[in-house]
Amino acid sequence: MTYHQAEYDEKYIKEINSENSFSCEKIELPKLDDSIAQDDLKLPEIAENDVVRHYVRLSQMNYAVDTGFYPLGSCTMKFNPKFADRIANDSRFARVHPLADYEYSQGNLQVMYELREYLKVISGMDAVSLQPLAGAHGEFTSMLIVRKYMEDIGETGRTEIIIPDSAHGTNPASAAMAGFSVVEIPSLETGVINMDALEAALSEKTAAFMITNPNTLGIFETDIKEIADMVHRNGSLLYYDGANLNAILGLTSPGSMGFDMVHFNLHKTFATPHGGGGPGAGPVAVKSFLEKYLPFPRIEKEGDLYILKSDEKDSIGRVAGFQGSFTNLLRAWAYIKYKGSNGLLLNTQRAVLNANYMAKRLEPILNYHHEGLKKHEVIMSTKMVNKRALDIAKYIINKGVHAPTIYFPLIVPEALMIEPTEDASRDDMDEFCNIIQEAVLTPDEELHKMPVNLSIGRADEVKAAKDLKLKW
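Residues numbered from 1 in each chain as written. Predicted model: local features only at pLDDT ≥ 70, side-chain atom pairs only at ≥ 80, totals over all residues. Heavy atoms only, no water.

Caption draft 1: Molecular detail of the overall build of the protein. From N to C terminus, the protein includes 17 helices and 12 strands. The 472 residues of the protein split such that 49% are buried. Taking as baseline every contact in the protein between residues at least 6 positions apart, the subset at least 24 positions apart corresponds to 69%. Of the roughly 24800 Å² of accessible surface on the protein, a fraction of 53% belongs to carbon and sulfur atoms. (Helix = DSSP H or I, 4+ residues; strand = E, 2+ residues; numbered from the N terminus. Buried < 20%, exposed > 50% of the residue type's maximum accessible area, 1.4 Å probe, protein only. Contact = heavy atoms within 4.5 Å. Areas by Shrake-Rupley, 256 points an atom, 1.4 Å probe, with all protein chains shown as cover.)

Caption draft 2: Up close: the packing of helix H14 (residues 389–398) against helix H15 (residues 426–441). It is the contact of H14 with H15, at a shortest axis distance of 9 Å, that shows an interaxial angle of 125°. Overall, the two elements H14 and H15 adopt an arrangement that is oblique. Once H14 is placed against H15, the crossing between them reads as right-handed. On H15, the residues touching Ile392, Tyr395 and Ile396 of H14 are Phe432, Ile435, Ile436, Glu438, Ala439 and Val440. (Axes fitted to C-alpha atoms, helices over the stretch in contact; angles between N-to-C directions. Parallel < 35°, antiparallel > 145°, perpendicular 65-115°, else oblique. Left-handed = near helix turned anticlockwise from the far one by under 90°.)

Caption draft 3: Main features of the side chain of Thr206. In this fold, Thr206 is placed in strand E4 (residues 206–211). On the basis of relative accessibility, which here comes to 0%, the residue Thr206 falls in the buried class. Engagement of the side chain of Thr206 in a polar contact is seen with the backbone nitrogen of Ser203, the distance being 3.0 Å. Beyond its immediate chain neighbours, meaning those up to four positions away, Thr206 contacts Arg158, Glu160, Ile162, Ala201, Asn234 and Ser236. (Polar contact = N/O pair within 3.5 Å; in protein donor to acceptor, adjacent residues only side chain to side chain.)

Caption draft 4: Region of interest: the packing of aromatic side chains. The final tally for this structure, using the stated rule, is 8 aromatic pairs. Considering the side-chain rings of Tyr240 and Phe259, the 4.9 Å spacing of their centres and the 80° angle between planes classify their relative orientation as edge-to-face. Of the two residues, Tyr240 sits in strand E5 (residues 237–242) while Phe259 sits in the loop between helix H11 (254–257) and strand E6 (261–264), which places them 19 residues apart along the sequence. As far as the burial class goes, Tyr240 and Phe259 line up, both buried. Members of the aromatic cluster, each reached through a chain of ring pairs, are Tyr149, Phe289 and Tyr293. (Phe/Tyr/Trp six-rings, centres within 6.5 Å; stacked < 30°, edge-to-face > 60°.)

Caption draft 5: Representation of the sheet that holds E6 within the structure. The strand order E1-E7-E6-E5-E4-E2-E3 describes an open sheet built from 7 strands, whose pairing is mixed. The two strands at the open ends of the sheet, each matched to only one other strand, are strand E1 (127–129) and strand E3 (181–185). This sheet shows a mean twist of 25° between the axes of neighbouring strands, independent of strand direction. Summarising the sheet, E5 and E6 pair through 4 bridges and their orientation is parallel. Each bridged residue has a counterpart across the sheet, and for Gly242 the counterpart in E6 is Phe264. (Pairing = 2+ DSSP bridges.)

Caption draft 6: Layout of the pattern of salt bridges. Tallied over the full model, the rule gives 22 salt bridges. Note that Arg158 is salt-bridged to Glu155, the shortest N-O span being 3.4 Å. When its relative accessible area of 9% is taken as the criterion, Arg158 is described as buried. Residue Glu155 is classed as partly exposed on the basis of its relative accessible area of 31%. As a salt-bridge pair, Asp391 and Arg388 come within 3.1 Å of each other at their nearest N and O atoms. A relative accessible area of 2% means that Asp391 is categorised as buried. Put simply, Arg116, Glu117, Lys120 and Glu300 are held in one network by salt bridges that share partners. (Salt bridge = Lys/Arg side-chain N within 4 Å of Asp/Glu carboxyl O.)

Caption draft 7: Expanded view of helix H7 (residues 135–152). Compared with the 26 Å implied by 1.5 Å per residue over 18 residues, the 26 Å span of H7 between its first and last C-alpha is a close match. In terms of burial, H7 is a largely internal element, 13 of the 18 residues being buried. Two residues or fewer after H7 comes Gly154, characterised by a positive phi angle close to 80°. (Expected span 1.5 Å × (residues − 1).)

Caption draft 8: Structural detail: the sheet that holds strand E12 (residues 415–418). On the basis of which strands lie adjacent, the open sheet formed by 3 strands has the order E10-E12-E11 and antiparallel pairing. In the strand order of this sheet, the two ends are held by strand E10 (378–381) and strand E11 (405–406), each with one partner. Judged from the 2 bridges that link them, E11 and E12 form a sheet pairing that is antiparallel. Each residue of the ladder has a partner; that of Ile406, found in E12, is Leu416. Against the sheet, helix H13 (residues 326–362) engages E10 and E12, with an angle of about 20° to E10.

Read these as geometric descriptors, not functional statements.
Structure, rendered in C-alpha cells:
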C-alpha cells in the first residue's frame, strides 16, 4: 500500500466533520475496550478487500486439473468429478467419529466393505486392505508382507528384491525401507523386460520381483505369463505396482497375469484428489495364501452387520490409523459405483486411444520406442531433435499449459513423459502437440530464456534445491 490506512481514515473523517460539511445529529458510539491496540500488535494496515484481491490473484496463477490439460506422465492426473467431492463432504459421512462404535458407523463400514469387494474383482485378487495412505505406502506394506511370508516359510535368506531399470523410483525405496537389498536389471532396447537378465538375477536370495504392466515406457509386457512362471519357479513372489492400472482396467487384471500382490493408487485411478501434497489412498490386494498377513483390523460382514475384526497372530500389524483415509476411499467407492463396469472399461479404452493419438502426432520428431501400440502414456526424447527436455518444458509452461514429466524414465535421454488420460479432448491434445512442434523449431537461445510470460522467469532449480529457504 502507498498510504497508511489509519492516517487516511483520520484525514477523511476530519473532512466530513468540517464546518463545510453537511450537518446532522451526532451519534454517540459505545465505548470499546481498546486495551489490545493495533499499534501494540504491529499489524499491517491493509484493507480487507485488498487482501482478498491479492490472494485471489495468487490462486488464479495456480495451475490445476480443473483449469487446464495436465499431461504428467506416470502420475495419471485425471479429472476429479465433483459429485464424488460432494458425497465425501456429506455430513452423514464426514461427521462420523473414527472412534465411534461400529454400531454407529454402519454406513461408513458398508462403503469400505463394498469398495474392498470391488477392488478384489478389479485386481483379480482374493483379499484387500484399505489402510495404506498412498501408493508408496502400499508398496512398503506389500514389502512387509513379503518379508513376513518368507520368515514364516523359513526362507529368511531371501533378502533381495529385483526391479527393472525403468521402475518407479518409489519401488527400490520401499524395498530398502522394508529391509531388502535391491537388484536392478536392464531393459531391452525395445523397452521391455530383459528375460535373460531376469533369469540371471533370480536366485535363492530373491524374495520378489517388482514391476508394473504396462511398464513405465507405456509398453505392455507381453511375456508377463512367462515372467510370472519364472519368478514362481524360483520360489519368489511377483508384485504389481498399480500406478499404471488406468491402462488395463476392465481389459485384464494383475491376478490374471499371475501376480501375487498389487497396490492401487485410488488417488490416480479412481478420482480422489491427487497432487499438491494432499492425502492419498494406496490399498493392497493379495492372493489368498497371503491374506493372513494383511494389516488389521479388517472389515467383515456378519449377517446384516459390518464389523471390525483384529487378528494379530500373523498380520504385519497396523500401517495406518483407523481404516485409512476414509474420505478418499469414499470418493473412489462413489466413482466406481457411478461408472460401473462399462464406464471403467470405456475409461481405459479412451486413455489408450488418446495416448496413441498423441504418439502418432509426435512420432516424426520425438517418439521413443515408437514401434507398436502404446498403452496409457507416451515417452518422447528431445535428444532426437537436439533439444533439452527442460527447455521444451519451459516453452510449454510459457504457453500457459502444464509441462509433462521430464527426465523420467531415467533410461530415456532427455525424456518427456506424457499421459493424456481419458479426460483429454482432441482439442487439448492438438494444442499440446502444436506447442511441442513450435518448441522444436524455436532457436536454443530463445528457449533458454523461457518462460517470459509468467510472474517469474527461468529459475535456478539446482540452487533452489541446494539452498533451501525454509523460514522467513
